[in-house]
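# A closer look at the structure
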Amino acid sequence: MQKFLTRYFSAEDFDYHFVFALLGPVVADQFFLVSFNFLNTAMISASGESAISAVNMVGSVNIFLVQIFVAIGLGGTVLIAQYFGHADLKMLGKVVNGALYGAILLAAGLALVFGGLHNALLDALFGTAEPAVMANARLYLLGVLASYPFEAMVQATNGCLRGVGRTKNSLQLSLMMNGIYLVLNLVFITWLHRGIAGMILSLNLSRWIAAGLAGLMLMRQRDAFNLHWRQVRRPDFAMIRKVIAVSIPFAAESAFFNGGKIIIQMMIVSLGTSVIVTNAIAGSWTSLSEIIPSALENALVPLVGQSMGRHNVKDARKITKSFLGLGVAAFILVDVTLCLTFRWGIQLFSPAAAIVPNILQVYLIFAVMHTLVWSASFILPAALRAAGDGKFTTIVSLGCMWLFRVVGAYVFGVRLGYGLTGIASSWCWNGRCAAGSSCGASRARNGMRII
């Protein structure tokens, strides 16, 4: 085993102990994040189809908006990793300033704008939904928006911690935030039966507490960032602009990717409440198999960023190839396990018996896509962005997303009448397009030559 780990996960400037010390907390972070979301979906499903439908509908809008300021944290990760790898420690505190203020200001702006437009937004996107679903969706969207500035503080802090390899501290912060959220949901949803209102209260309380803990975490780790109070007293707009510039490929790709998902969600809403519920449950079940590959995607950014900061392309290339293979192996193992346990696990959501076969069918479509194309579609572009080549991956992602995932979903799911099965199948074609283009791009961009 040691020989295998040394061969595939050790390089000139780091060994497999360092890689897995960095990766382990990120996997744990992703595991608990997905598990908490999985359990929260299961809990809110007990409040009825209108509640779970509203959470699923608003969830697509929420992900679209959250990923915009999460991208600021990723931009901070890339810059800090590169400065850290280049041993330019004086710049680290300035990047922390740019990431924190950039994320918080952007999140607050998004909350104000979309809070004022929430009625028009929901009517435009999901006006065909049933009245009970829309009433819950309006309430839930306002509650989610109120949490944005505080969640931005946490996400930016986590991004900075990962940039210097402090993934264990990032894990601690995420666990505290999501653990509090889960416990409060048990209190307000399961015990007090407050439904959507209880979920909103849990979400905001957990984010407010976590934002305070993020500030304490930064002060405790200030030596790692060479951080002084004068560097965080006021916004450094020059550094904010620099962090945002690095974040634009992340934000653009995420915005267009999740914008396409909103359009697809509109198609799903038009198919009826039972289809919305099927999609929500299938999505939660599918997310379990994406825990390890998503962690690989996140952990790869500081590894490649630090290697490129040291001008060591060989290390960046080697660890990227190893992470690609590990991602495929993880999907095979976990998806087989989920298939074998589906009959029992799905009962956590208390689904109507009529939709259980549909949930399984959609999940199996995703399971095939996972093994064939997911790693090349997500892990490989993460390496290219960390190496400073985000423009091409963004163009590829957007082209594939809109050509196959959106247009394909409309043709197969709506026009040809295949419903949710047709929509899910179109996502597989999107993944194949993105994977093939990313593999081709990696041959000759920035000296990476990964494939």
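Here's what I pulled together on the structure shown here. (Residues numbered from 1 in each chain as written. Predicted model: local features only at pLDDT ≥ 70, side-chain atom pairs only at ≥ 80, totals over all residues. Heavy atoms only, no water.)

### Observations concerning the overall build of the protein
Counting its regular elements, the protein contains 16 helices and zero strands. Relative to the compact-globule value of 22 Å for 451 residues, the protein shows a C-alpha radius of gyration of 21 Å, a close match. Counting only C-alpha atoms and orienting by the principal axes, one finds that the protein spans roughly 60 × 45 × 35 Å. Residues counted as buried form 57% of the 451 residues belonging to the protein. The long-range share in the protein, meaning contacts at least 24 apart out of those at least 6 apart in sequence, stands at 82%. When the accessible surface of the protein is summed, it comes to about 18600 Å², and 66% of that surface belongs to carbon and sulfur atoms. Looking at the protein, you have 32 positive and 17 negative side-chain charges, and the mean spots of the two groups are 4 Å apart. (Helix = DSSP H or I, 4+ residues; strand = E, 2+ residues; numbered from the N terminus. Rg over C-alpha atoms; globule rule 2.2 N^0.38 Å. Buried < 20%, exposed > 50% of the residue type's maximum accessible area, 1.4 Å probe, protein only. Contact = heavy atoms within 4.5 Å. Areas by Shrake-Rupley, 256 points an atom, 1.4 Å probe, with all protein chains shown as cover. Lys, Arg positive; Asp, Glu negative; His and termini not counted. Charge placed at Lys NZ, Arg CZ, Asp CG, Glu CD.)

### A short note on helix α14 (residues 356-386)
At Val 373, α14 shows its strongest bend, of approximately 60°. Just downstream of α14 lies Gly 388, where phi reads positive at about 95°. (Bend = angle between axes of the 7 residues up to and from the residue.)

### Thoughts on the environment of Ala 387
Among the secondary structure elements, Ala 387 is positioned in the loop between α14 and α15 (390-415). By relative accessible area, Ala 387 is classed as buried at 13%. The spatial distance from the C-alpha of Ala 387 to the C-alpha of Gly 305 is 6.0 Å, given a sequence separation of 82 residues.

### Considerations on the layout of surface pockets
Looking at the largest pocket, its volume works out to about 180 Å³. Residue lining of the largest pocket: Leu 100, Tyr 101, Ile 104, Met 153, Gly 215, Leu 218, Met 219, Leu 227, Trp 229 and Val 232, and that is the complete set. Mapped onto the lining of the largest pocket, the elements with two or more residues apiece are α4 (92-116) and α9 (195-220). Here the lining of the largest pocket is composed, by residue class, of nine nonpolar, one polar and no charged. (1 Å grid on protein atoms, 1.4 Å probe; cavity = no way out; pocket = protein on both sides within 12 Å on 5 of 7 lines; lining within 4 Å. Points joined across faces, edges and corners; volume = space filled by probe spheres on them. Nonpolar A, V, L, I, M, F, W, Y, C, P; charged D, E, K, R; others polar.)

### Observations regarding unusual backbone geometry
Residues other than glycine seldom take positive phi values, yet His 193 does so here, at roughly 55°. Within the secondary structure, His 193 is located in the loop between α8 (167-191) and α9. His 193 sits in the exposed class, given a relative accessible area of 61%.

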